[in-house]
Amino acid sequence: MMATLLIWRGRIRYFFEKHYLILRGLIKAVVAMATMMLLAGRFPEGFFSDKYWIFPAIAVICGVTPDAVSILAVVAVVGIEVWQISNVLAITILLMITIFFLLFGRKAKEQWYMLLSVPTLSVCHMGFSVPMVSALFAGPSMIPALIMGIILRFSLEGVAEYTATAQRVAGDANYLAPLQYLVDYLISNRSFLVALIVYTLTFIVIYYLRRANFRHAPQIAILVGAIVLYTMEMISNIIWELELNLILTSVLVIATMAIAYVFQFMHISLDYHGTRRLQFEDDEYYYYVTAIPKYNVAVGDKVITRILPEELEEEKADLKEEVEKVLAEEKQQSQSQSQSEEEKQ
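Since the model is a prediction, treat every value here as computed from it, not as a measurement.

Draft legend 1. Inspection of helix 4 (residues 67-85) at higher detail. The end-to-end C-alpha distance of helix 4, which contains 19 residues, comes to 28 Å, matching closely the 27 Å that a straight helix rising 1.5 Å per residue would cover. Of all the residues in helix 4, the buried ones are D67, S70, I71, A73, V74, V75, V77, V78, G79, E81 and V82.

Here's what the structure looks like:
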């Protein structure tokens, strides 16, 4: 069974590598269109409610342009939809995204993928998959993007909730009333706090377990992470009465585990980020080898000696000259000594 799966995995990889440019552009277009439609679907009476034909056109452009264009397109769609409801809320959300970009987003585009995937997959009730899958391939540097994604998710939910009370708030003389509503929504929403704790803790648990030095560490990390996630959700449901659908939550956690196992199996890459220790022996000695990634070694402590064939010949010539020089000096010394002895006699 495993051999068959490995064969199919190899065929899929070969097909993807053979048609990399076409498939990557197609996947980018589909993902961009799905993301824009799901996020715009949170606002049934938004700007794009009767203009969904725009999304395929934008998706085609995203498929043939750099990834930054796709990210900007999604952010622009979110900003336009929120602006239709309240320009104060739109400016606030865009300002939060801008601050995140200035602090973290310039370092890796994967930060943006995680930030946008949390609110997008949460529409399909699959937000659990983000920390579980990303922790298999990313490091703790992605945690700020995960937190920002959770904030963006619940901010968009708060804006959607605000539309129900927009007529009442419209008569309010306070220009910042929508912003106050959003702040109160985030503070009073217990699900927001639970998501911050559960997602972050799940990410950390899976990350450190899959890097552990024992067999099947990634598979065990997925299982333990799913147990931690489910347990925390149930405890939060009991303590704060979140009224979770237990059957739906159980199904979603199992589905998330299946997705994580599929991604891990398809990836199966060697992890060179941690220190690796190897022990072996022969008839006379035991050998202990420790391999440390280069970026973990300080520049001052790292000494690399490379001997090329040309350099080896030069070193031999230099050594020969040194030996001849030493022999000549010894010969001169012996001659001078013999001459001094003859003079004495």
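Draft legend 2. Summary view of a nonpolar patch on the surface. Taken together, the side chains of F16, Y20, L21, I27 and V31 present a nonpolar region at the surface, about 490 Å² in accessible area. If one sorts the elements of the nonpolar patch by residue count, helix 2 (residues 20-40) sits on top with 4 residues. Note that F16 resides in helix 1 (residues 2-18).

Draft legend 3. Examining the nonpolar core more closely. Within the largest apolar cluster, 66 residues are counted, with the highest numbers of intra-cluster contacts made by V82, L146, I150 and L156. At 10 residues, the largest contribution of residues to this core is made by helix 8 (residues 143-164). Discounting chain neighbours no more than four positions away, the residues touching V82 are F43, L89, A90, I93, L156 and V159.

Draft legend 4. Expanded view of helix 12 (residues 217-240). In a regular helix each residue adds 1.5 Å, so 24 residues correspond to 34 Å; helix 12 covers 34 Å between its end C-alpha atoms and thus fits that length. Taken together, the buried positions of helix 12 are occupied by A217, A221, I222, G225, A226, V228, L229, E233, M234, S236 and N237. Each element contacted by the buried residues of helix 12 is listed here: helix 7 (129-137), helix 11 (190-210) and helix 13 (246-267). A positive backbone phi angle near 55° is found at E241, which sits one or two residues after helix 12.

Draft legend 5. View of a negative patch on the surface. A cluster of acidic side chains, namely E281, D282, D283 and E284, defines a negative patch on the protein surface. Position of D283 relative to the elements: it lies in the loop between strand 1 (276-281) and strand 2 (286-291). Judged by its relative accessible area of 83%, D283 is exposed.

Draft legend 6. Expanded view of the pattern of salt bridges. With the rule as written, the count across this model stands at 5 salt bridges. The partner of K51 in a salt bridge is D50, and the shortest N-O contact between them spans 3.3 Å. What makes D50 exposed here is its relative accessible area of 57%. Residues E157 and R153 are paired through a salt bridge, measuring 3.3 Å at the closest nitrogen-oxygen approach. Remark: R153 and E157 occur in helix 8; sequence separation between them is 4 residues, near one turn of the helix. What makes E157 buried here is its relative accessible area of 18%. Among the charged side chains, a network of salt bridges with common partners joins R24, K28 and D67.

Draft legend 7. Up close: the side chain of Q264. As for its position among the elements, Q264 is in helix 13. Judged by relative accessible area, Q264 falls into the buried class, the value being 13%. A polar atom in the side chain of Q264 sits 3.3 Å from the side chain of Q219.

Draft legend 8. The packing of aromatic side chains, seen in detail. Enumeration over the complete set of coordinates arrives at 10 aromatic pairs. Taking the centre distance of 5.6 Å and the plane angle of 90° together, the rings of F16 and Y20 count as edge-to-face. Among the residues examined, Y20 registers a relative accessible area of 39% and is labelled partly exposed. Measuring from ring centre to ring centre gives 6.2 Å for F128 and Y199, while their planes differ by 70°; the resulting arrangement is edge-to-face. With F128 in the loop between helix 6 (110-123) and helix 7 and Y199 in helix 11, this pair connects stretches of sequence that are 71 residues apart.

Draft legend 9. Looking closely at the packing of helix 2 against helix 4. In the contact formed by helix 2 and helix 4, the axes pass within 10 Å of each other and the chain directions differ by 10°. Between helix 2 and helix 4, the angle is such that the two are roughly parallel. The two elements helix 2 and helix 4 meet at a crossing, and its hand is right-handed. Each of R24, K28, T35, M36, L39 and A40 in helix 2 lies in contact with helix 4, whose residues at this interface are D67, S70, A73, V74, V77, V78 and E81.

Draft legend 10. Structural view of the environment of I197. Position of I197 relative to the elements: it lies in helix 11. Note: C-alpha distance between I197 and I147 (50 residues apart in sequence) is 9.4 Å.

Draft legend 11. How the structure looks around the packing of helix 12 against helix 13. Running from amino to carboxyl end, helix 12 crosses helix 13 at an angle of 160°, the nearest separation of the two axes being 10 Å. Looking at the two axes, helix 12 sits roughly antiparallel to helix 13. Handedness of the helix 12/helix 13 crossing: right-handed. Of the residues in helix 13, those in contact with P218, Q219, I222, L223, A226, L229, Y230, M234 and N237 of helix 12 are L246, T249, S250, V253, M257, A260, Y261 and Q264. Looking at the contact of helix 12 with helix 13 residue by residue, the classes come out as 12 nonpolar, 5 polar and no charged.

Cut-off values and rules
Along each chain, residues carry numbers from 1 onward, in the same order as the chain's sequence is written. Only residues with pLDDT of at least 70 get local features here, since the model is predicted, and only at 80 or more are side-chain atom pairs given and counted; chain-wide, interface and lining totals rely on the full set of residues. The side-chain quantities take in all heavy atoms of the structure and omit both hydrogens and water. In DSSP terms, a helix is any run of H or I states spanning at least four residues, a strand is any run of E spanning at least two, and both are numbered starting from the N terminus. Helix span, as expected, comes to 1.5 Å for every residue beyond the first. The classification of residues rests on relative accessible area computed with a 1.4 Å probe and restricted to protein chains. Under 20% of the type maximum is buried, over 50% is exposed, and intermediate values are partly exposed. Grouping into patches uses exposed residues only, defined as over 30% relative accessible area, and leaves out salt-bridged ones; the cut-off is 9 Å for like charges and 5 Å for nonpolar side chains (Val, Leu, Ile, Met, Phe, Trp, Tyr). The accessible surface values rely on the Shrake-Rupley method and a 1.4 Å probe; as for residues, cover is taken only from the protein chains in view. Any carboxyl oxygen of Asp or Glu within 4 Å of a side-chain nitrogen of Lys or Arg constitutes a salt bridge here. Buried Ala, Val, Leu, Ile, Met, Phe, Trp, Tyr and Cys residues that are joined via side-chain atoms within 4.5 Å together make up what is termed a nonpolar core. It only takes one pair of heavy atoms within 4.5 Å for two residues to be counted as in contact. His is not counted here, nor are the chain ends, while Lys and Arg score as positive and Asp and Glu score as negative. Working definition for charges: the position is that of NZ of Lys, CZ of Arg, CG of Asp or CD of Glu. In protein, a polar contact means a hydrogen-donor-capable atom and an acceptor-capable atom, both N or O and within 3.5 Å, with residues adjacent in sequence counting only if both atoms are side-chain atoms; elsewhere, any N or O pair within 3.5 Å suffices. Pairing of aromatic side chains here covers Phe, Tyr and the six-membered ring of Trp, requires ring centres within 6.5 Å, and sorts the geometry by plane angle: under 30 degrees stacked, over 60 edge-to-face, intermediate tilted. Inter-axis angles, ranging from 0 to 180 degrees, are taken between N-to-C directions of lines fitted to C-alpha atoms, where helices are fitted over the stretch in contact. Here the angle decides the label: under 35 degrees means roughly parallel, over 145 means roughly antiparallel, 65 to 115 means roughly perpendicular, and every other value means oblique. Definitions for this section: a left-handed crossing has its near helix turned counterclockwise from the far helix by less than a right angle. A right-handed crossing has that turn clockwise. In this classification, Asp, Glu, Lys and Arg are treated as charged, Ala, Val, Leu, Ile, Met, Phe, Trp, Tyr, Cys and Pro as nonpolar, and every other residue, Gly included, as polar.

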